[in-house]
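# Examining the three-dimensional arrangement
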Amino acid sequence: LGNQNEGRMAVDNSFKRATTHEFVGHKKKVHSVAWNCTGRKLASGSVDQSARIWLVENTSSSKDNKSDLELKGHTDSVDQLCWDPLNENQLATASGDKTMRLWDTRSGKCLHTVATQGENINIAWSPDGQHIAVGSRDDIISFVDTRKYKVYKEQNFPFEVNEIGWNKAGSEFYLTTGLGTIEVMQWPSMAMETKMSLAAHPAGCYCIAFSPKGEYFATGSADALVSLWDTNEKICLNTLTRLDWPVRTLSFSHDGQYIASASEDLRIDIADVATGECAHEIQCRSAMNSVAWSPTAPLLAYAGDDREGVDGRGGYSREGIIRIFGF
């Protein structure tokens, strides 16, 4: 335990020494950031109807990090995106234009466009790489077969569906809801009669994230709380209470030791998963929309509602900016 505590203290001290790099390219605010499986590429999706790919090297020089590609084709906001868990060059984007697109991030070409029924706000890729789930504002989830890139199933839910995703084993599908519940469905049946409903929060449950090994998941809610759960037992292990506004976004670090959470508070909370204590805070210039830890390094990407001009902390900011903490 002494060695474990010493390791934590070393990481906490490295947080204090870490610097933040800024990435400028989008013309309007960014809704989503996500890393590929190798941690060398970061994708971002924006209200400016584009996605961008950034090549990221874990060095102190910002010259080593640059925008590689702009992915253009959507005709509405790119609200969320996710990478193929098995292919470091394939990215899927969900847009309000009622489509999901698949991209080759080496060439920048759109490989497939899949039409859906509604304006899309959520997307998730199954761990085996064979399925993509796309969620719409109308609470319809469209399931796409990645061998044919066609919708093979649509499921309409009688409640507000927020974020969606599979557990790491790919045996369960999770939905966070406006009722404050986490709905756990057996995959691939998705049968409503075998659904498990976890009463997680007294207010709407907005976001969900799984730890790298899959033993934990966390949810963020309109009640400003983050709850940490045991995936197998479906038991709440801890509740983080440091944020004051609805929790919009969550992410576990690559080693599973830390979880970052953010909201309209002008700070990102980084908590020690084992204790729930605050390991570090990142001061922000605006409300956050998305945080994402690299899967291979202690780098945290984040983006929010930055606007051109003087920001909430009296400094100057640019709309559409992305930041990465940890260099």
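Criteria and cut-off values
Residues numbered from 1 in each chain as written. Predicted model: local features only at pLDDT ≥ 70, side-chain atom pairs only at ≥ 80, totals over all residues. Heavy atoms only, no water. Helix = DSSP H or I, 4+ residues; strand = E, 2+ residues; numbered from the N terminus. Rg over C-alpha atoms; globule rule 2.2 N^0.38 Å. Buried < 20%, exposed > 50% of the residue type's maximum accessible area, 1.4 Å probe, protein only. Contact = heavy atoms within 4.5 Å. Areas by Shrake-Rupley, 256 points an atom, 1.4 Å probe, with all protein chains shown as cover. Lys, Arg positive; Asp, Glu negative; His and termini not counted. Charge placed at Lys NZ, Arg CZ, Asp CG, Glu CD. Pairing = 2+ DSSP bridges. Axes fitted to C-alpha atoms, helices over the stretch in contact; angles between N-to-C directions.

## A few points about the overall build of the chain
- Within the chain one finds 1 helix and 30 strands.
- Its C-alpha atoms give the chain a radius of gyration of 19 Å, within 12% of the compact-globule value 20 Å for 327 residues.
- Dimensions along the principal axes, computed over C-alpha positions, put the chain at roughly 50 × 45 × 35 Å.
- Relative to its 327 residues, the chain shows a buried fraction of 57%.
- When contacts within the chain are restricted to residue pairs at least 6 apart in sequence, long-range pairs at least 24 apart make up 44% of them.
- Of the roughly 13,800 Å² that the chain leaves accessible, carbon and sulfur atoms contribute 46%.
- With 33 positive and 42 negative side-chain charges, the chain shows a spacing of 6 Å between the two charge centroids.

## Examining the sheet that holds strand S8 (residues 99–104)
- Strand order in this open sheet of 4 strands is S6-S7-S8-S9, and the pairing throughout is antiparallel. Because the sheet does not close on itself, it has two edges, and the strands there are strand S6 (78–83) and strand S9 (109–115). Pairs of neighbouring strands in the sheet enclose a mean axial angle of 20 degrees, with direction left out of account.

## What about the sheet that holds strand S16 (residues 181–186)?
- Ordered by their spatial adjacency, 4 strands build an open sheet running S14-S15-S16-S17, and the pairing between neighbours is antiparallel. Edge positions in the sheet fall to strand S14 (161–166) and strand S17 (196–199), since each has one partner strand and no second. Direction aside, neighbouring strands of the sheet carry axes that sit 20 degrees apart on average.
- In the sheet, S14 pairs with strand S15 (residues 172–177) via 4 bridges, with the strands oriented antiparallel. Paired with Gly165 across the two strands is Tyr174, which belongs to S15.

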